[in-house]
Amino acid sequence: MHTNVRQGLTYLTLIIVGAISQIWLLWFSRLPLGVRDEWVWSRVSEKLPSLIDCLPAIITGLLLVGYAAWHNSHRERPVRTGWWLTGLVFLGLCWSVAVISASPAGGGMGRSVFVIFYPRTSGYFHQALYEAEDLSQFLHEYEEGISDKADPDNYLHIGTHPPGLTASYRLLIELCERSPALTKLLMSSQPKSVSSAINFIQQQQLLSGKEFTEPVAAALWLSIVISHFLAVLTVVPLYFLATRLASKETARFIATYWLFVPAVLIFLPKSDASFPCLAMFLQLLWLKALERNSYFYGSLTAILFTCCASLSLAFVTIGVVLFLQMLYYQVKFKIGWKPTVSGLLTGLVFVFVMNHLLEMNLFTIWLQNFQNHGRFYDHNTRSYFSWLFVN
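Residues numbered from 1 in each chain as written. Predicted model: local features only at pLDDT ≥ 70, side-chain atom pairs only at ≥ 80, totals over all residues. Heavy atoms only, no water.

Turning our attention to a negative patch on the surface. A contiguous patch of negative charge, built from Glu131, Glu133, Asp134, Glu141, Glu144 and Asp153, is present on the exposed surface. Mapped onto the elements, Glu133 comes out in the loop between α5 (124-130) and α6 (135-140). (Patch = residues over 30% accessible without salt bridge, like charges linked within 9 Å, V, L, I, M, F, W, Y side chains within 5 Å. Areas by Shrake-Rupley, 256 points an atom, 1.4 Å probe, with all protein chains shown as cover. Salt bridge = Lys/Arg side-chain N within 4 Å of Asp/Glu carboxyl O. Lys, Arg positive; Asp, Glu negative; His and termini not counted. Charge placed at Lys NZ, Arg CZ, Asp CG, Glu CD. Helix = DSSP H or I, 4+ residues; strand = E, 2+ residues; numbered from the N terminus.)

Take the packing of helix α16 (residues 275-292) against helix α17 (residues 295-309) next. Across the interface, α16 lies against α17 with an axial gap of 8 Å and an inter-helix angle of 160°. By the criterion of interaxial angle, the relationship of α16 to α17 is roughly antiparallel. The two elements α16 and α17 meet at a crossing, and its hand is left-handed. Seen from α16, the contacting residues are Leu278, Phe281, Leu282, Leu285, Trp286, Lys288, Ala289 and Arg292; seen from α17, they are Tyr297, Gly298, Leu300, Thr301, Leu304, Phe305 and Cys308. Its residues placed into classes, the contact of α16 with α17 shows 11 nonpolar, 2 polar and 2 charged. (Axes fitted to C-alpha atoms, helices over the stretch in contact; angles between N-to-C directions. Parallel < 35°, antiparallel > 145°, perpendicular 65-115°, else oblique. Left-handed = near helix turned anticlockwise from the far one by under 90°. Contact = heavy atoms within 4.5 Å. Nonpolar A, V, L, I, M, F, W, Y, C, P; charged D, E, K, R; others polar.)

Bringing α17 into the picture now. When the terminal C-alpha atoms of α17 are compared, their 21 Å separation across 15 residues agrees well with the 21 Å that a helix rising 1.5 Å per residue should span. For α17, the set of buried residues is Tyr297, Gly298, Ser299, Thr301, Ala302, Thr306, Cys308 and Ala309. Where α17 is buried, its residues touch α16, α18 (315-333), α19 (337-358) and α20 (362-379). Its side-chain oxygen placed 3.2 Å from the backbone nitrogen of Phe296, Ser294 serves as the N-cap of α17. (Expected span 1.5 Å × (residues − 1). Buried < 20%, exposed > 50% of the residue type's maximum accessible area, 1.4 Å probe, protein only. Polar contact = N/O pair within 3.5 Å; in protein donor to acceptor, adjacent residues only side chain to side chain.)

As a further point, take the nonpolar core. By size, the foremost hydrophobic cluster in this structure holds 78 residues, and its most contacted members are Leu88, Val113, Phe125, Phe212, Leu220, Val235 and Leu259. In this view, Leu88 contacts Leu64, Tyr67, Val235, Ala255, Thr256 and Leu259; residues no more than four positions away in its chain are not counted. Formed by 11 residues, the second largest nonpolar core is a distinct cluster that contains Leu241, Leu290, Tyr297 and Met326. (Core = buried A, V, L, I, M, F, W, Y, C linked by side-chain atoms within 4.5 Å.)

Looking now at the packing of α17 against α18. Contact geometry of α17 with α18 gives a least axis separation of 9 Å together with a crossing angle of 155°. Classed by the angle they form, the pair α17 and α18 counts as roughly antiparallel. In contact with Thr301, Phe305, Cys308 and Ala309 of α17, α18 contributes Phe315, Val316, Gly319 and Leu322.

Looking now at the packing of aromatic side chains. A complete count under the given rule lists 19 aromatic pairs for this structure. Seen from their ring centres, Trp95 and Phe260 are 5.0 Å apart, and the 55° between their planes marks the pair as tilted. Here Trp95, found in helix α3 (residues 81-101), pairs with Phe260, found in the loop between α14 (248-258) and α15 (262-267); they are 165 residues apart in sequence, far enough to count as distant. Its relative accessible area of 12% is what places Trp95 among the buried residues. A centroid spacing of 5.3 Å and a plane angle of 75° characterise the contact between Phe296 and Tyr297, whose relative ring orientation is edge-to-face. On the basis of relative accessible area, Phe296 is assigned to the exposed category, the value being 55%. In this structure an aromatic cluster arises from ring pairing among Phe114, Phe117, Tyr118, Phe125, Tyr169, Phe200 and Phe212. Here the basic side chain of Lys210 rests over the ring of Tyr130, its NZ or CZ set 5.0 Å away from the ring centre. Positioned over the ring face of Trp84 is Arg252, at 5.4 Å from the centre of the ring. (Phe/Tyr/Trp six-rings, centres within 6.5 Å; stacked < 30°, edge-to-face > 60°. Lys NZ or Arg CZ within 6 Å of the ring centre and 35° of its normal.)

Moving on to the pattern of salt bridges. A pair can form between side chains of opposite charge whenever their charged atoms are brought close. This model, assessed by the stated rule, comprises 3 salt bridges. Here Glu291 makes a salt bridge to Arg244, at a shortest N to O gap of 2.3 Å. With a gap of 47 residues between them, Glu291 in helix α16 and Arg244 in the loop between α13 (235-242) and α14 connect regions that are remote in the sequence. By relative accessible area, Glu291 is classed as partly exposed at 41%. A single salt-bridge network, built from bridges that share partners, covers Arg170, Glu174 and Arg178.

Before going further, it helps to spend a moment on unusual backbone geometry. In this structure, Pro269 follows Leu268 across a cis peptide bond, with omega equal to 10°. Notably, Lys334 is not glycine yet its phi reads approximately 60°, a positive angle. Mapping Lys334 onto the fold places it in the loop between α18 and α19. Unusually for a residue other than glycine, Glu359 sits at a positive phi of about 55°. Within the fold, Glu359 resides in the loop between α19 and α20.

What follows covers the environment of Tyr329. Examined against the element boundaries, Tyr329 turns out to sit in helix α18. Contact partners of Tyr329, with chain neighbours within four places excluded, come to Leu287, Leu290, Glu291, Lys334 and Ile335.

Here is the structure:
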(Lines give C-alpha, C1' and ligand atoms only; values in the text may rest on other atoms or scores of the structure.)
Protein backbone atom coordinates (compact mmCIF):
# COMPACT_ATOMS: atom_id res chain seq x y z
CA MET A 1 0.00 0.00 0.00
CA HIS A 2 2.77 2.42 0.94
CA THR A 3 4.53 1.64 -2.34
CA ASN A 4 1.40 2.53 -4.30
CA VAL A 5 1.01 5.79 -2.37
CA ARG A 6 4.63 6.69 -3.13
CA GLN A 7 4.05 5.88 -6.80
CA GLY A 8 0.96 8.07 -6.82
CA LEU A 9 2.88 10.97 -5.27
CA THR A 10 5.67 10.47 -7.79
CA TYR A 11 3.22 10.57 -10.68
CA LEU A 12 1.56 13.68 -9.21
CA THR A 13 4.94 15.41 -8.90
CA LEU A 14 5.80 14.57 -12.50
CA ILE A 15 2.45 15.92 -13.68
CA ILE A 16 2.96 19.21 -11.79
CA VAL A 17 6.53 19.64 -13.04
CA GLY A 18 5.46 18.81 -16.59
CA ALA A 19 2.54 21.25 -16.44
CA ILE A 20 4.72 24.09 -15.13
CA SER A 21 7.36 23.40 -17.79
CA GLN A 22 4.76 23.40 -20.53
CA ILE A 23 3.18 26.65 -19.31
CA TRP A 24 6.60 28.31 -19.32
CA LEU A 25 7.48 26.97 -22.77
CA LEU A 26 4.20 27.97 -24.40
CA TRP A 27 3.47 31.20 -22.56
CA PHE A 28 6.71 32.85 -21.46
CA SER A 29 9.46 31.59 -23.78
CA ARG A 30 10.17 33.19 -27.15
CA LEU A 31 10.03 29.98 -29.12
CA PRO A 32 7.65 30.41 -32.08
CA LEU A 33 4.33 28.63 -31.71
CA GLY A 34 4.42 27.12 -35.17
CA VAL A 35 6.74 27.29 -38.18
CA ARG A 36 8.10 30.66 -39.32
CA ASP A 37 6.95 31.89 -42.75
CA GLU A 38 4.12 29.34 -42.71
CA TRP A 39 1.94 29.72 -39.65
CA VAL A 40 2.72 30.97 -36.14
CA TRP A 41 0.17 31.40 -33.36
CA SER A 42 0.44 34.57 -31.30
CA ARG A 43 0.73 34.28 -27.52
CA VAL A 44 -2.07 35.42 -25.28
CA SER A 45 -1.19 38.81 -23.85
CA GLU A 46 -3.50 38.53 -20.85
CA LYS A 47 -2.13 38.08 -17.36
CA LEU A 48 -2.22 34.71 -15.68
CA PRO A 49 -5.47 34.03 -13.82
CA SER A 50 -5.40 34.54 -10.06
CA LEU A 51 -4.90 31.65 -7.65
CA ILE A 52 -8.56 31.97 -6.60
CA ASP A 53 -9.68 31.50 -10.21
CA CYS A 54 -7.46 28.44 -10.55
CA LEU A 55 -8.49 26.88 -7.24
CA PRO A 56 -11.38 24.74 -8.62
CA ALA A 57 -9.07 23.36 -11.33
CA ILE A 58 -6.32 22.62 -8.80
CA ILE A 59 -8.74 20.85 -6.46
CA THR A 60 -10.32 18.71 -9.19
CA GLY A 61 -6.88 17.87 -10.57
CA LEU A 62 -5.73 16.64 -7.16
CA LEU A 63 -8.97 14.71 -6.74
CA LEU A 64 -8.47 12.98 -10.09
CA VAL A 65 -4.97 11.77 -9.26
CA GLY A 66 -6.02 10.87 -5.73
CA TYR A 67 -9.03 8.97 -7.07
CA ALA A 68 -6.85 6.69 -9.20
CA ALA A 69 -4.13 6.29 -6.55
CA TRP A 70 -6.57 5.56 -3.71
CA HIS A 71 -8.46 2.85 -5.57
CA ASN A 72 -5.24 1.20 -6.68
CA SER A 73 -4.03 1.12 -3.06
CA HIS A 74 -7.13 -0.83 -1.92
CA ARG A 75 -6.71 -4.07 -3.82
CA GLU A 76 -8.29 -6.08 -1.03
CA ARG A 77 -11.57 -4.24 -1.70
CA PRO A 78 -11.79 -4.02 -5.48
CA VAL A 79 -14.24 -1.45 -6.74
CA ARG A 80 -16.66 -2.50 -9.44
CA THR A 81 -15.30 -1.26 -12.72
CA GLY A 82 -18.57 0.37 -13.78
CA TRP A 83 -18.83 2.45 -10.61
CA TRP A 84 -15.17 3.44 -10.79
CA LEU A 85 -15.47 4.58 -14.40
CA THR A 86 -18.66 6.50 -13.58
CA GLY A 87 -16.80 8.38 -10.87
CA LEU A 88 -13.90 9.04 -13.22
CA VAL A 89 -16.21 10.45 -15.92
CA PHE A 90 -17.91 12.70 -13.35
CA LEU A 91 -14.58 14.03 -12.02
CA GLY A 92 -13.33 14.40 -15.59
CA LEU A 93 -16.29 16.61 -16.49
CA CYS A 94 -15.66 18.73 -13.38
CA TRP A 95 -11.98 18.98 -14.34
CA SER A 96 -12.61 20.06 -17.94
CA VAL A 97 -15.13 22.73 -16.92
CA ALA A 98 -12.91 23.99 -14.09
CA VAL A 99 -9.79 24.32 -16.26
CA ILE A 100 -11.57 25.99 -19.17
CA SER A 101 -13.39 28.35 -16.79
CA ALA A 102 -10.05 29.42 -15.29
CA SER A 103 -8.56 30.47 -18.64
CA PRO A 104 -7.76 34.21 -19.09
CA ALA A 105 -10.05 36.85 -20.56
CA GLY A 106 -11.48 35.76 -23.89
CA GLY A 107 -11.53 32.16 -22.69
CA GLY A 108 -13.81 30.43 -20.23
CA MET A 109 -16.90 28.42 -21.09
CA GLY A 110 -18.28 31.40 -23.00
CA ARG A 111 -15.47 30.95 -25.53
CA SER A 112 -17.00 27.59 -26.46
CA VAL A 113 -20.12 29.34 -27.77
CA PHE A 114 -18.13 31.52 -30.17
CA VAL A 115 -15.93 28.61 -31.29
CA ILE A 116 -18.91 26.43 -32.22
CA PHE A 117 -21.05 29.16 -33.78
CA TYR A 118 -18.82 31.36 -35.93
CA PRO A 119 -17.65 30.07 -39.35
CA ARG A 120 -14.06 31.21 -38.86
CA THR A 121 -13.48 28.82 -35.95
CA SER A 122 -15.74 25.91 -36.91
CA GLY A 123 -18.62 26.68 -39.23
CA TYR A 124 -20.71 23.51 -39.01
CA PHE A 125 -23.32 24.85 -36.59
CA HIS A 126 -23.61 28.08 -38.59
CA GLN A 127 -24.03 26.03 -41.76
CA ALA A 128 -26.64 23.81 -40.11
CA LEU A 129 -28.62 26.84 -38.95
CA TYR A 130 -28.64 28.95 -42.11
CA GLU A 131 -27.91 26.55 -44.98
CA ALA A 132 -29.48 23.25 -43.94
CA GLU A 133 -33.04 24.20 -42.97
CA ASP A 134 -34.11 21.53 -45.46
CA LEU A 135 -31.68 18.80 -44.46
CA SER A 136 -32.60 16.41 -47.29
CA GLN A 137 -32.04 19.09 -49.91
CA PHE A 138 -28.79 20.15 -48.24
CA LEU A 139 -27.40 16.60 -48.31
CA HIS A 140 -28.54 16.09 -51.89
CA GLU A 141 -26.68 19.23 -53.04
CA TYR A 142 -23.68 18.84 -50.71
CA GLU A 143 -21.27 17.34 -53.25
CA GLU A 144 -21.99 20.10 -55.75
CA GLY A 145 -21.47 22.75 -53.07
CA ILE A 146 -18.01 21.51 -52.05
CA SER A 147 -16.86 21.08 -55.67
CA ASP A 148 -16.48 24.83 -56.29
CA LYS A 149 -12.70 25.31 -56.60
CA ALA A 150 -13.02 29.10 -56.33
CA ASP A 151 -14.57 28.96 -52.83
CA PRO A 152 -11.80 29.12 -50.16
CA ASP A 153 -14.08 27.41 -47.62
CA ASN A 154 -13.93 24.26 -49.69
CA TYR A 155 -10.18 23.80 -49.28
CA LEU A 156 -9.66 25.63 -46.00
CA HIS A 157 -12.20 23.85 -43.81
CA ILE A 158 -15.84 23.08 -44.61
CA GLY A 159 -15.24 21.36 -47.94
CA THR A 160 -12.65 18.99 -46.49
CA HIS A 161 -15.26 17.30 -44.29
CA PRO A 162 -18.24 15.05 -45.08
CA PRO A 163 -21.68 16.45 -44.13
CA GLY A 164 -22.09 14.41 -40.94
CA LEU A 165 -21.19 17.18 -38.50
CA THR A 166 -23.53 19.70 -40.11
CA ALA A 167 -26.32 17.12 -40.22
CA SER A 168 -25.76 16.32 -36.53
CA TYR A 169 -26.04 19.98 -35.53
CA ARG A 170 -29.19 20.33 -37.65
CA LEU A 171 -30.76 17.35 -35.86
CA LEU A 172 -29.93 18.93 -32.48
CA ILE A 173 -31.59 22.18 -33.56
CA GLU A 174 -34.71 20.34 -34.69
CA LEU A 175 -34.74 18.31 -31.46
CA CYS A 176 -34.79 21.49 -29.38
CA GLU A 177 -37.41 23.09 -31.63
CA ARG A 178 -39.71 20.12 -31.09
CA SER A 179 -39.08 19.84 -27.34
CA PRO A 180 -39.87 23.02 -25.34
CA ALA A 181 -39.15 21.15 -22.09
CA LEU A 182 -35.63 20.22 -23.24
CA THR A 183 -35.02 23.78 -24.44
CA LYS A 184 -36.13 25.18 -21.08
CA LEU A 185 -33.86 22.75 -19.21
CA LEU A 186 -30.85 23.59 -21.38
CA MET A 187 -31.38 27.35 -21.12
CA SER A 188 -31.67 27.16 -17.34
CA SER A 189 -28.49 25.05 -17.01
CA GLN A 190 -26.17 27.46 -18.82
CA PRO A 191 -23.31 29.04 -16.86
CA LYS A 192 -23.31 32.82 -16.75
CA SER A 193 -20.43 33.10 -19.23
CA VAL A 194 -22.32 30.92 -21.73
CA SER A 195 -25.53 32.93 -21.34
CA SER A 196 -23.61 36.18 -21.90
CA ALA A 197 -21.97 34.81 -25.05
CA ILE A 198 -25.30 33.58 -26.42
CA ASN A 199 -26.96 36.92 -25.69
CA PHE A 200 -24.17 38.67 -27.59
CA ILE A 201 -24.64 36.40 -30.62
CA GLN A 202 -28.42 36.90 -30.50
CA GLN A 203 -27.98 40.68 -30.61
CA GLN A 204 -25.47 40.49 -33.46
CA GLN A 205 -27.68 38.19 -35.50
CA LEU A 206 -30.71 40.44 -34.97
CA LEU A 207 -28.70 43.43 -36.20
CA SER A 208 -27.84 41.52 -39.37
CA GLY A 209 -31.46 40.45 -39.87
CA LYS A 210 -30.86 36.77 -39.08
CA GLU A 211 -32.99 34.69 -36.76
CA PHE A 212 -31.48 33.20 -33.62
CA THR A 213 -34.22 31.67 -31.50
CA GLU A 214 -34.16 30.18 -27.99
CA PRO A 215 -34.25 26.56 -29.30
CA VAL A 216 -31.21 27.39 -31.44
CA ALA A 217 -29.41 28.77 -28.39
CA ALA A 218 -30.34 25.62 -26.47
CA ALA A 219 -29.03 23.40 -29.29
CA LEU A 220 -25.78 25.35 -29.33
CA TRP A 221 -25.30 24.74 -25.61
CA LEU A 222 -26.33 21.08 -26.00
CA SER A 223 -23.66 20.57 -28.67
CA ILE A 224 -21.03 21.94 -26.27
CA VAL A 225 -22.22 19.61 -23.50
CA ILE A 226 -22.08 16.60 -25.84
CA SER A 227 -18.53 17.48 -26.96
CA HIS A 228 -17.36 17.70 -23.35
CA PHE A 229 -19.09 14.45 -22.43
CA LEU A 230 -17.64 12.47 -25.36
CA ALA A 231 -14.15 13.86 -24.78
CA VAL A 232 -14.25 12.70 -21.16
CA LEU A 233 -16.06 9.43 -21.96
CA THR A 234 -12.91 8.36 -23.85
CA VAL A 235 -11.65 7.04 -20.51
CA VAL A 236 -14.13 4.13 -20.73
CA PRO A 237 -12.94 2.44 -23.95
CA LEU A 238 -9.36 3.50 -23.16
CA TYR A 239 -9.50 1.65 -19.85
CA PHE A 240 -10.79 -1.56 -21.43
CA LEU A 241 -8.20 -1.38 -24.20
CA ALA A 242 -5.43 -0.80 -21.65
CA THR A 243 -6.47 -3.86 -19.61
CA ARG A 244 -5.60 -5.97 -22.66
CA LEU A 245 -1.96 -4.93 -22.37
CA ALA A 246 -1.46 -4.17 -18.67
CA SER A 247 -2.85 -4.75 -15.18
CA LYS A 248 -6.08 -3.11 -14.04
CA GLU A 249 -4.09 -0.80 -11.76
CA THR A 250 -2.01 0.45 -14.69
CA ALA A 251 -5.12 0.75 -16.87
CA ARG A 252 -6.72 3.00 -14.26
CA PHE A 253 -3.77 5.37 -14.31
CA ILE A 254 -3.72 5.37 -18.13
CA ALA A 255 -7.43 6.22 -18.27
CA THR A 256 -7.00 8.95 -15.65
CA TYR A 257 -4.03 10.55 -17.40
CA TRP A 258 -6.02 10.90 -20.62
CA LEU A 259 -7.91 13.70 -18.87
CA PHE A 260 -4.63 15.58 -18.37
CA VAL A 261 -3.68 15.59 -22.07
CA PRO A 262 -3.52 19.34 -22.91
CA ALA A 263 -4.79 18.91 -26.48
CA VAL A 264 -8.14 17.62 -25.20
CA LEU A 265 -8.92 20.82 -23.32
CA ILE A 266 -7.39 23.03 -26.02
CA PHE A 267 -9.61 21.58 -28.75
CA LEU A 268 -12.81 21.52 -26.70
CA PRO A 269 -15.59 22.09 -27.64
CA LYS A 270 -14.67 21.30 -31.27
CA SER A 271 -15.61 17.89 -32.58
CA ASP A 272 -11.92 16.88 -32.77
CA ALA A 273 -11.96 16.31 -29.02
CA SER A 274 -14.89 13.89 -29.38
CA PHE A 275 -13.35 11.73 -32.09
CA PRO A 276 -10.93 9.77 -29.83
CA CYS A 277 -13.93 8.37 -27.94
CA LEU A 278 -15.54 7.11 -31.15
CA ALA A 279 -12.20 5.77 -32.41
CA MET A 280 -11.61 3.85 -29.16
CA PHE A 281 -15.08 2.27 -29.26
CA LEU A 282 -14.43 1.31 -32.89
CA GLN A 283 -11.23 -0.37 -31.78
CA LEU A 284 -12.97 -2.25 -28.97
CA LEU A 285 -15.73 -3.54 -31.23
CA TRP A 286 -13.28 -4.67 -33.89
CA LEU A 287 -11.03 -6.54 -31.45
CA LYS A 288 -14.09 -8.30 -30.07
CA ALA A 289 -15.14 -9.15 -33.63
CA LEU A 290 -11.71 -10.63 -34.38
CA GLU A 291 -11.40 -12.56 -31.12
CA ARG A 292 -14.87 -14.11 -31.49
CA ASN A 293 -14.54 -14.40 -35.26
CA SER A 294 -18.01 -12.87 -35.24
CA TYR A 295 -20.17 -11.82 -38.18
CA PHE A 296 -22.32 -9.72 -35.85
CA TYR A 297 -19.54 -7.63 -34.32
CA GLY A 298 -17.92 -7.24 -37.72
CA SER A 299 -21.14 -5.76 -39.09
CA LEU A 300 -21.59 -3.55 -36.03
CA THR A 301 -18.05 -2.21 -36.44
CA ALA A 302 -18.72 -1.42 -40.11
CA ILE A 303 -21.88 0.56 -39.31
CA LEU A 304 -20.12 2.59 -36.62
CA PHE A 305 -17.12 3.16 -38.90
CA THR A 306 -19.32 4.44 -41.73
CA CYS A 307 -21.10 6.84 -39.36
CA CYS A 308 -17.75 8.08 -38.05
CA ALA A 309 -16.34 8.50 -41.56
CA SER A 310 -19.37 10.66 -42.42
CA LEU A 311 -18.16 13.04 -39.70
CA SER A 312 -14.49 13.26 -40.66
CA LEU A 313 -11.92 11.68 -42.98
CA ALA A 314 -9.66 11.36 -39.93
CA PHE A 315 -11.33 7.99 -39.31
CA VAL A 316 -9.79 6.62 -42.51
CA THR A 317 -6.54 6.21 -40.54
CA ILE A 318 -8.47 4.15 -37.99
CA GLY A 319 -9.64 1.95 -40.84
CA VAL A 320 -6.01 1.29 -41.77
CA VAL A 321 -5.28 0.23 -38.17
CA LEU A 322 -8.28 -2.12 -38.17
CA PHE A 323 -7.09 -3.67 -41.44
CA LEU A 324 -3.58 -4.28 -40.05
CA GLN A 325 -5.07 -5.91 -36.97
CA MET A 326 -7.13 -8.21 -39.18
CA LEU A 327 -3.94 -9.28 -40.98
CA TYR A 328 -2.25 -9.96 -37.62
CA TYR A 329 -5.12 -12.17 -36.39
CA GLN A 330 -5.27 -13.97 -39.71
CA VAL A 331 -1.54 -14.74 -39.76
CA LYS A 332 -1.19 -15.66 -36.09
CA PHE A 333 -4.54 -17.23 -35.21
CA LYS A 334 -6.00 -18.07 -38.64
CA ILE A 335 -9.19 -16.14 -37.81
CA GLY A 336 -10.61 -12.81 -38.91
CA TRP A 337 -12.17 -13.44 -42.32
CA LYS A 338 -15.72 -13.75 -40.98
CA PRO A 339 -15.90 -10.27 -39.39
CA THR A 340 -13.96 -8.82 -42.32
CA VAL A 341 -16.34 -10.16 -44.96
CA SER A 342 -19.45 -9.28 -42.93
CA GLY A 343 -18.03 -5.84 -42.18
CA LEU A 344 -17.26 -5.07 -45.83
CA LEU A 345 -20.66 -6.26 -47.02
CA THR A 346 -22.53 -4.44 -44.23
CA GLY A 347 -20.56 -1.26 -44.81
CA LEU A 348 -21.28 -1.28 -48.55
CA VAL A 349 -24.99 -2.00 -48.01
CA PHE A 350 -25.19 0.70 -45.32
CA VAL A 351 -23.59 3.30 -47.59
CA PHE A 352 -25.86 2.37 -50.52
CA VAL A 353 -28.94 2.57 -48.28
CA MET A 354 -27.87 5.99 -47.03
CA ASN A 355 -27.20 7.07 -50.60
CA HIS A 356 -30.66 5.92 -51.67
CA LEU A 357 -32.57 7.42 -48.73
CA LEU A 358 -30.68 10.73 -48.62
CA GLU A 359 -29.97 11.02 -52.36
CA MET A 360 -26.26 11.61 -51.89
CA ASN A 361 -23.20 9.62 -52.85
CA LEU A 362 -20.89 9.23 -49.87
CA PHE A 363 -18.13 7.66 -51.96
CA THR A 364 -17.88 10.64 -54.33
CA ILE A 365 -18.20 13.07 -51.40
CA TRP A 366 -15.26 11.39 -49.66
CA LEU A 367 -13.26 11.59 -52.89
CA GLN A 368 -14.06 15.30 -53.22
CA ASN A 369 -13.04 15.85 -49.61
CA PHE A 370 -9.64 14.29 -50.35
CA GLN A 371 -9.22 16.48 -53.41
CA ASN A 372 -10.08 19.57 -51.38
CA HIS A 373 -7.48 18.57 -48.80
CA GLY A 374 -4.91 18.52 -51.59
CA ARG A 375 -5.93 21.98 -52.79
CA PHE A 376 -5.16 23.39 -49.35
CA TYR A 377 -1.46 22.73 -49.93
CA ASP A 378 -1.69 24.34 -53.36
CA HIS A 379 -2.55 27.59 -51.57
CA ASN A 380 -0.61 27.18 -48.30
CA THR A 381 2.96 25.99 -47.91
CA ARG A 382 3.50 23.43 -45.14
CA SER A 383 6.82 21.69 -44.40
CA TYR A 384 6.05 18.17 -43.21
CA PHE A 385 9.12 17.55 -41.06
CA SER A 386 9.07 21.04 -39.52
CA TRP A 387 5.47 20.54 -38.39
CA LEU A 388 6.22 17.01 -37.24
CA PHE A 389 8.95 18.44 -34.99
CA VAL A 390 6.70 21.20 -33.65
CA ASN A 391 3.91 18.76 -32.86
